[in-house]
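Close look at the chain arrangement
Listed here are the chains, written in short residue letters.
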Amino acid sequence: MNTLGLREDNERAVVEAACRGDSEALAGLYERYYATMVWVAYSVLLDRGLAEDGAQQAFATACAKMRSLRRLDRFGPWLATICRNAAQDMARARRRDAALQKAAVVEEPAQGNSDGFDRAVKDAVDGLPSMYREVVVLHYYSGMSYSQIESVLNISGDRVKGRLARARRRIQDRLEKEGFRREQ
Amino acid sequence: MERKYNEQDLERAIRRTAPGDPPMPDFEGWQKRHAEAVSSLKCPGDKKSTDGLSGTWVIRFGRILMKKREVRFGAVAAVLLIALTIIALDKGTNVAWSMEQTVEAIEQVKTLYIEGTVVWPFGAEPGVVPFRYWVQAPTENSPLKMRGEIKKHVMIAKGDTVYECWSDTKTAQAQYGPAITDLKYWYKAAEVGPWVIRQMPELIQQYATDWQQSIERDPNTGKERILATCTYPPSNMSFLLIVDPATKLVESAKLWNNLQHEGEPYINAKSFVYNQKYPDGLFELPADTTVVNERDSKESRALFDLGEALFHKEKKYAEAMEIYWQVYFMYPKLNVAEEALMMIGLCHGRLEQHDKAIEVYQKATREYPHLKGWIDATWFYLGLEYMKTGQNDKAIDAFENCLKAGEGVRDPNTFPLANAREFIVSLKGQ
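Note that the structure is predicted; figures quoted are calculated from it, not measured. (Residues numbered from 1 in each chain as written. Chains lettered and ligands numbered in written order. Predicted model: local features only at pLDDT ≥ 70, side-chain atom pairs only at ≥ 80, totals over all residues.)

**Side note on the overall build of chain A**
To be explicit about the condition: In DSSP terms, a helix is any run of H or I states spanning at least four residues, a strand is any run of E spanning at least two, and both are numbered starting from the N terminus. Think of it this way: build a C-beta for each residue from its backbone, and any pair within 7 Å is a contact.
Helix and strand counts for chain A come out as nine helices and one strand. Tracing chain A from N to C terminus, the helices and strands come up as α-α-α-α-α-α-α-α-α-β. Here the contacts in chain A between residues at least 6 apart in sequence split such that 66% fall between residues at least 24 apart.

**Remarks on the overall build of chain B**
Note the threshold: Partly exposed residues are those whose C-beta has more than 12 but fewer than 20 other C-beta atoms within 10 Å; with 20 or more the residue is buried, with 12 or fewer it is exposed, and the C-beta atoms are placed from the backbone.
The helix and strand inventory of chain B stands at 16 helices and 13 strands. Here chain B, with 430 residues, has 39% of them falling under the buried criterion. In chain B, the share of contacts with a sequence separation of at least 24, taken over all contacts with a separation of at least 6, comes to 50%.

**What to know about helix 13 (residues 354-367) of chain B**
Residue and element names in this part refer to chain B. Put simply, the rule is: Expected span of a helix, by definition, is 1.5 Å for each gap between consecutive residues, and there is one gap fewer than residues. What the arc covers is the set of directions going from the helix axis to the C-beta atoms.
Between its terminal C-alpha atoms helix 13 stretches 20 Å, which fits the 20 Å expected from 14 residues at 1.5 Å a residue. Taken together, the buried positions of helix 13 are Ala357, Ile358, Val360, Tyr361, Ala364 and Thr365. Buried residues of helix 13, viewed axially, fall in a sector of 165°; they line one side. Turned more than 90 degrees away from the buried face of helix 13, the exposed residues are Asp355 and Arg366. Turning to helix 13, the residues buried within the fold contact helix 12 (335-350) and helix 14 (375-388).

**Considerations on the confidence of the model for chain B**
Residue and element names in this part refer to chain B. Quick note on the threshold: Confidence of the predictor at the level of single residues is captured by pLDDT, which takes values from 0 to 100.
Scored by pLDDT, chain B has a mean of 73; 70% of the residues are at 70 or more. This model gives residues 192-206 a pLDDT under 50, and the stretch forms 29 contacts once residues within four places in sequence are excluded. Two numbers describe this predicted complex: its pTM, 0.44, and its ipTM, 0.82.

**A closer look at the nonpolar core**
Residue and element names in this part refer to chain A. Threshold: Each nonpolar core comprises buried Ala, Val, Leu, Ile, Met, Phe, Trp, Tyr and Cys residues, the members being joined through C-beta atoms within 7 Å. An automatic or database domain assignment provides the domain bounds reported here.
Counting 67 residues, the largest nonpolar core has Met37, Ala41, Leu79, Cys83 and Val121 as the members making the most contacts within it. A total of 15 residues in this core trace back to one element, the largest contributor, which is helix 2 (residues 23-45). Residues from two domains meet in this core; each of domain 1 (1-107) and domain 2 (109-184) gives at least three. Each residue touching alanine 41, except ones within four places of it in the same chain, is listed here: Ala51, Gly54, Ala55, Cys83, Ala86 and Ala87.

**Quick word on the pairing of strand 6 (residues 161-166) of chain B**
Residues and elements named next belong to chain B. Heads up, the condition is: DSSP-based pairing: two strands are paired if at least 2 bridges between them are found.
In this sheet, strand 6 lies alongside strand 5 (residues 153-158) in antiparallel orientation, the contact comprising six bridges. Its bridge partner lying in strand 6, methionine 155 is registered against glutamate 164. Here strand 5 folds back onto strand 6, and the loop between the two strands holds two residues, one of which, glycine 159, carries a positive phi near 60°. Pairing geometry for strand 6 and strand 7 (residues 171-176), over five bridges, is antiparallel. Opposite valine 162, over in strand 7, you have glutamine 175 as the bridge partner.

**Side note on the packing of helix 2 of chain A against helix 7 (residues 130-141) of chain A**
Residue and element names in this part refer to chain A. Rules: Note on geometry: axes are lines fitted to C-alpha atoms, helical ones only across the stretch in contact, with angles between N-to-C directions running from 0 to 180 degrees. In this scheme the crossing of two helices becomes right-handed for a clockwise turn of the near helix relative to the far one and left-handed for an anticlockwise turn of less than a right angle. All amino acids are sorted into three groups, where Ala, Val, Leu, Ile, Met, Phe, Trp, Tyr, Cys and Pro are nonpolar, Asp, Glu, Lys and Arg are charged, and the leftover types, Gly among them, are polar.
Close contact between helix 2 and helix 7 brings their axes to 9 Å; oriented N to C, the two are set at 145°. The two elements helix 2 and helix 7 cross, and the hand of that crossing is right-handed. Residue-level inspection shows Thr36, Trp39, Val40, Tyr42, Ser43 and Val44 of helix 2 in contact with helix 7, the latter providing Ser130, Arg133, Glu134, Val137, Leu138 and Tyr141. Broken down by class, the residue content of the contact of helix 2 with helix 7 amounts to seven nonpolar, three polar and two charged.

**Regarding helix 2 of chain A**
Residue and element names in this part refer to chain A. Put simply, the test is: By definition, a residue's bend is the angle between the axes fitted to the seven residues ending there and the seven starting there.
If you look at helix 2, its biggest bend is around 45°, right at tyrosine 33. With 19 of 23 residues buried, helix 2 lies mostly within the body of the structure. Following helix 2 by one or two positions, leucine 46 adopts a phi angle in the positive range, close to 55°.

**Points about unusual backbone geometry**
Note: most peptide bonds trans; most residues except glycine with negative phi. Unusually for a residue other than glycine, Leu46(A) sits at a positive phi of about 55°. Here the phi dihedral of Lys315(B) falls at roughly 60°; this positive angle occurs in a residue that is not glycine. With respect to the helices and strands, the residue Lys315(B) is situated in the loop between helix 10 (294-313) and helix 11 (317-330).

**Description of the environment of Ser271(B)**
All names here are of chain B. Relative to the helices and strands, serine 271 is located in strand 12 (residues 267-274). Through-space distance from the C-alpha of serine 271 to that of glutamate 251 is 6.0 Å; in sequence the pair is 20 residues apart. Not counting chain neighbours up to four residues away, the residues in contact with serine 271 comprise Ile114, Glu115, Gly116 and Ser252.

**Some points on the environment of Leu240(B)**
Residues and elements named next belong to chain B. Tracing the sequence through the fold places leucine 240 in strand 10 (residues 237-243). Note on leucine 240: 17 C-beta atoms within 10 Å, which makes it partly exposed. C-alpha separation for the pair leucine 240 and tryptophan 256, spaced 16 residues apart in sequence, amounts to 8.7 Å. If sequence neighbours within four positions are ignored, leucine 240 has contacts with Leu227, Thr229, Ala253, Lys254 and His261.

**Let's talk about the packing of helix 14 of chain B against helix 16 (residues 417-429) of chain B**
The description of two helices packed together rests on the angle between their axes and the distance between the axes. All names here are of chain B. Using the following cut-off: Throughout, the term roughly parallel applies to angles under 35 degrees, roughly antiparallel to angles over 145, roughly perpendicular to angles from 65 to 115, and oblique to all others.
At a minimum axis distance of 10 Å, the contact between helix 14 and helix 16 shows a crossing angle of 30°. Put simply, helix 14 runs roughly parallel to helix 16. Taken as a pair, helix 14 and helix 16 cross one another with a handedness that is left-handed. Between helix 14 and helix 16, the contacting residues are Asp376, Phe380 and Gly383 on the first element and Leu417, Asn419, Ala420 and Phe423 on the second. Taken together, the residues that form the contact of helix 14 with helix 16 break down as four nonpolar, two polar and one charged.

**Thoughts on the pairing of strand 10 of chain B**
Residues and elements named next belong to chain B. The buried fraction of strand 10 amounts to five of the seven residues, a majority that puts the element mostly inside the structure. With six bridges joining them, strand 10 and strand 11 (residues 250-256) adopt antiparallel strand pairing. Across the sheet, residue leucine 240 finds its bridge partner in strand 11, namely lysine 254. Connecting the antiparallel pair strand 10 and strand 11 is a turn made up of six residues, with lysine 248 showing a positive phi of about 65°.

Here is the structure:
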């Protein structure tokens, strides 16, 4: 199953139609993958506005390259790779401009409880290595199941679970340093 | 001072830190900004790209079969439509049978009953499950009526109103049928009529391939039957249709998610029964069913969310409790009422009112014992409260009830089932 639970064979038909210029099919793919791509880009950029730009740029690049897509049933992972690359390009460009970087890193503060737990959790998530952050963002922010993440990142379900477990452990370690202890 | 949290607190906190609202796609806006990219996909010589109606129809046609949760009854609807349209690819070369005869025959049909199996990919127990589907064609005096059953899920449609319910609850959700992706093809069929789409054969004709038909004898009955097979490469589907040469009506149909007709069919419509007289009440909800409209559902959820904000963000447990009680009293028949009771229990727990928490959890498990939503978590929290008050035997019972309630509903390795198992082991070891 792919990101939205559609089967790969059906997805192949939609991608094939989009390759032929069917605008409804293209709209379908855009609607299906847009949110996921925003979160993929966000996990690199940590900036929601830039992530939306990155996702849109990824779709434009995908349109230009779509005819070269060989495995029509792998559209999701292919698009995610394009999106990740686009976001990394944006991040590199941003690093060149220190001021912009500073502005972008200051994300809106997380709303939440007053004891700073949410803030600490947010910092811990943002501080994860990008490989772990990506699955955390897709699972918790986007609400994707393990199998949906598996299909869009083209990695096995066990690896998804493993990365999430390791990410949670790192978050817990970080929280412990901040004075929050997990109840057993 | 050390502050404590549990796994659930952590997961909720991670979700809360998501920046902004969920991303909303704006295809039109994007298309305007990236017109060049979009135009690079256009291929003037491609017939299908210029024939928008055909292309989109076929894509929708594929979507309805595969669309996530909505596959349920639409898949059954689609099998009949496919049966009737793919057969039409035959150009009438076979003197014994042509699609025109089947269309004429189907136009005389007033009721149709289909039963068979469908691959059910959802929930904790995916597999092949039986389905039953009844349709009564619309007439001048009566709207289209349908009833579908897959597992415990029941759908009844009368005209534009569709009721969805589960056989182990007494609540049905009323919806506007033609807006349901899953069902709109039935409605479409009813409109174009008499109730079978005549246009579809022409639209789909250019897509299907490998049409083959033959007349064989049924090895079990010795009766002659027409076997027709074809494939539908854009959706990677293949079909087998069996038609009765005498009546020209489809007797059974299979659909595979591959081009080779191999393996377990995605849909195996084993039996089509035409013009059967249906029992009274087939299209009626049970008398004790409470019908919930979408408005109630949304309003109750909005009220519940107010309580959630007080509980999670502001930590105002007493105030949150007031809201949750309102949800329970105003919408006792909705699933959200049970969730509200559970949250009331949590509020009491946070306020160190453990006896009251236990009372409320017991009320929830007594009043909503079969509700598959939060009842397993409610049993879990009840177990926790028993533990806190030193009632370990009762705690074990509650955790075991949690496992029973969550079996087949939740992933056994996640909250609360994994936690309940851990506590049972721990308590029994003491």
